[in-house]
Amino acid sequence: MCVPNGAQHAMNNGSDTQLQGHVDVAVIGAGPAGMAAATVCAEHGLNVAILDDQATPGGQIYRGITLASRKMREVLGPDYCAGDALVAPLLDGRINYMPDTAVWEVTRDKTLHLTQGGRSSSLQADYVVLSTGAMERPFPIPGWTLPGVMTAGAAQILLKTAGATAMGPVILAGCGPLLYLLAAQYLAAGTQIAAVVDTTGWSDYWRALQDGRGAASDISSLAKGLKLLRTIKKAGVPFFTNASNLEATGDDRVREFKFTSGGKVHCLAANVLLLHHGVVPNTQFTWSLRAPHEWSEQQLCWLPKTNAVGELDGASGIFVAGDGAAIIGAQAAAQHGRLIGIEISGRAGRLSAGARDEEVSRLNRRLNKTRQFRRFLDALYRPKAAHRVPADDVIVCRCEEVTAGALRNHVALGCLGPNQAKSFSRCGMGPCQGRQCGLTVTELIATVRGVEPATVGYFRVRPPVKQVTLGELAEE
Amino acid sequence: MMEEALFQPTLVSERPRIEIRFNGTPLEVPAGTSVAAALLVSGVAQFRTTPVGRSSRAPWCMMGVCFDCLLEIDGKPNVQGCMTAVKENMDVRTQWGAARYE
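All of these numbers come straight from a predicted model, not from anything done at the bench. (Residues numbered from 1 in each chain as written. Chains lettered and ligands numbered in written order. Predicted model: local features only at pLDDT ≥ 70, side-chain atom pairs only at ≥ 80, totals over all residues. Heavy atoms only, no water.)

Looking now at the domain arrangement of chain A. All names here are of chain A. When the domains of chain A are assigned, the result is domain 1 (13–135 + 280–351), domain 2 (138–277) and domain 3 (389–456). Computed from C-alpha coordinates alone, the two centres of domain 2 and domain 3 are separated by 27 Å. Facing six residues of domain 2, the contacting portion of domain 3 comprises nine residues. Buried surface at the junction of domain 2 and domain 3, both sides included, amounts to about 680 Å², of which 65% is carbon and sulfur. In terms of surface lost to domain 3, no three residues of domain 2 exceed Pro-138, Pro-140 and Trp-144, which account for 71% of the buried area on that side. Our count for the contact surface shared by domain 2 and domain 3 stands at zero salt bridges. Connecting domain 2 to domain 3 are two residue pairs in polar contact (both at pLDDT 80 or more). In the side of domain 2 that touches domain 3, the residues fall into five nonpolar, one polar and no charged. (Domains from an automatic or database assignment. Contact = heavy atoms within 4.5 Å. Buried area = accessible area lost by both parts, 1.4 Å probe. Salt bridge = Lys/Arg side-chain N within 4 Å of Asp/Glu carboxyl O. Polar contact = N/O pair within 3.5 Å; in protein donor to acceptor, adjacent residues only side chain to side chain. Nonpolar A, V, L, I, M, F, W, Y, C, P; charged D, E, K, R; others polar.)

As structure tokens, this is what we get:
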């Protein structure tokens, strides 16, 4: 096995924590899955490093939890505060927690290349846990690139990290639990919402109820969701259903939001428009590892192929924990992280095979229950085709400003897949590395060609998957 | 440029404020947050213009995956505003189109 540069000597990261060039387990991402996996491995005596690009632990779901004021906790609610127990082991020295650390490459021999405070180094691990979580599904509608149009998740991050809420008129549009949760949190913060524009219609309820056991598999989550919707309606927020033809307009920032609901075209003034129709796994590392992925018709996104213990197909010792493997939500992500922590501890000889297998099956049984409810949520809040494969004049690639029409032209000229699309128009070649356009490009090309997304494939993702300067690279 | 702000600091009015410069003009912003959050609550609605169409952009994701909050910070172009902590006396500038490296 090759020895990476810098792995022989201890790294100086400029902080009190000194990382050796080798650890038993390297965990990338300090969200629920990563924190749980790291904690379990550390409890079994393994030398663990958890690396995260934020300054404080928690991932996006528990973002800012170590700094949140009492007032913020009240507004964000008990599900947010549940993150306290998960972050605790990262703060009391039980685990080597490395904040402000961007991992920009993971290799198959389990070497991590990272930058910290402008300095690059590498780290060798026996086991790697990729727990890079989810990101919002791109929402390509006319005007989605205008300043003031943001994801609901972005607004929630502003709430968690700066106690900030949008200035009116504020419109929330799309569908899914996060959209309604944000609305309820805004109401708790005393922020006025001009309208909630829900894209969910009767056909969605009908589809979701086809699998009757799905909704009934988790009554408490179902009740929580219904309570959120009741809170929004009780507050008197104008609530539009089955909305379509969404369009943001404005000169240099969003001014108006147009949509059709109840057979009528509505046009509302907007200062901030918050869009959401679900989250998708952040697959940059698994793609850059050339791991196999499959197209999920249920979640309408790519999922890295993993086995029952979360290990990446064909990449021994590299695990994918939490939403990065498939969207399951924060609580289940922590369970999935725990399961992977148990598996690694077992393989490293810190746990008997019997104890490991028993705990793995127990956690898998719980996870399967969550997955059943997730099928119901995915069916109910299935993002609309028009918001995944937009009309010709809509920008698909935000970085290079490539429209859906341009992409359709490429296909007409013989472009068969996302990588060819790059050479036609630089689509996917901007700074976001295809994160914001990749799923749209796959589905759009598949639709035009009349083939499955799996036939079309995805962008070839290459490291570095995070911003790194040439100077930082040269230093390593 | 300074029209109605996109966001306001609703829950943390007691947070200390610091001074930065935005395009050369002094700007008082809340401390302890990202440059992107600080600008959003201070009336900035244009973070960059795109290299291709010169259209205005502001943050879309706030979690480091969209790169629409790119700014020039302390002389360094193409810095993600949402991934950078705001600091006293920081020199923050709009990222006009593609970066120029000198």
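Right, let's talk about the nonpolar core for a bit. If you look at the biggest cluster of nonpolar residues, it comprises 191 residues, and the most contacted ones within it are A:Leu112, A:Tyr186, A:Val197, A:Phe257, B:Phe7, B:Leu39 and B:Met62. In this structure B:Phe7 touches A:Met150, A:Ala155, A:Leu158, A:Ala164, A:Thr165, A:Ala166, A:Met167, A:Tyr186, A:Val272, B:Leu40 and B:Val41, once residues within four positions along its chain are discounted. (Core = buried A, V, L, I, M, F, W, Y, C linked by side-chain atoms within 4.5 Å. Buried < 20%, exposed > 50% of the residue type's maximum accessible area, 1.4 Å probe, protein only.)

This brings us to the interface of chain A and chain B. Residue-level contacts link 50 residues of chain A with 39 residues of chain B. Here chain A and chain B share an interface that buries about 3,900 Å² over both sides, 57% of which is from carbon and sulfur atoms. The tally of links from chain A across to chain B stands at one salt bridge. Across the salt bridge formed by B:Asp68 and A:Arg398, the nearest N and O atoms sit 2.7 Å from each other.

This brings us to the sheet that holds strand β12 (residues 239–240) of chain A. Residue and element names in this part refer to chain A. Pairing in this open sheet of five strands is parallel, and the strands run β8-β16-β10-β11-β12 from one edge to the other. Where the open sheet ends on each side, the last strands, each with one partner, are β8 (149–151) and β12. Across two bridges, strand β11 (residues 195–198) lies against β12 in parallel orientation. Note on β12: the bridge partner recorded for Val-196 is Phe-239. (Pairing = 2+ DSSP bridges. Helix = DSSP H or I, 4+ residues; strand = E, 2+ residues; numbered from the N terminus.)

Buried residues dominate helix α5 (residues 152–162) of chain A, accounting for 11 of its 11 residues. Those residues of α5(A) lying buried are A:Ala152, A:Gly153, A:Ala154, A:Ala155, A:Gln156, A:Ile157, A:Leu158, A:Leu159, A:Lys160, A:Thr161 and A:Ala162.

Moving on: the side chain of A:Ser120. Take A:Ser120: it is sitting in strand β6 (residues 119–130). A distance of 2.8 Å separates a polar side-chain atom of A:Ser120 from the backbone oxygen of A:Glu472.

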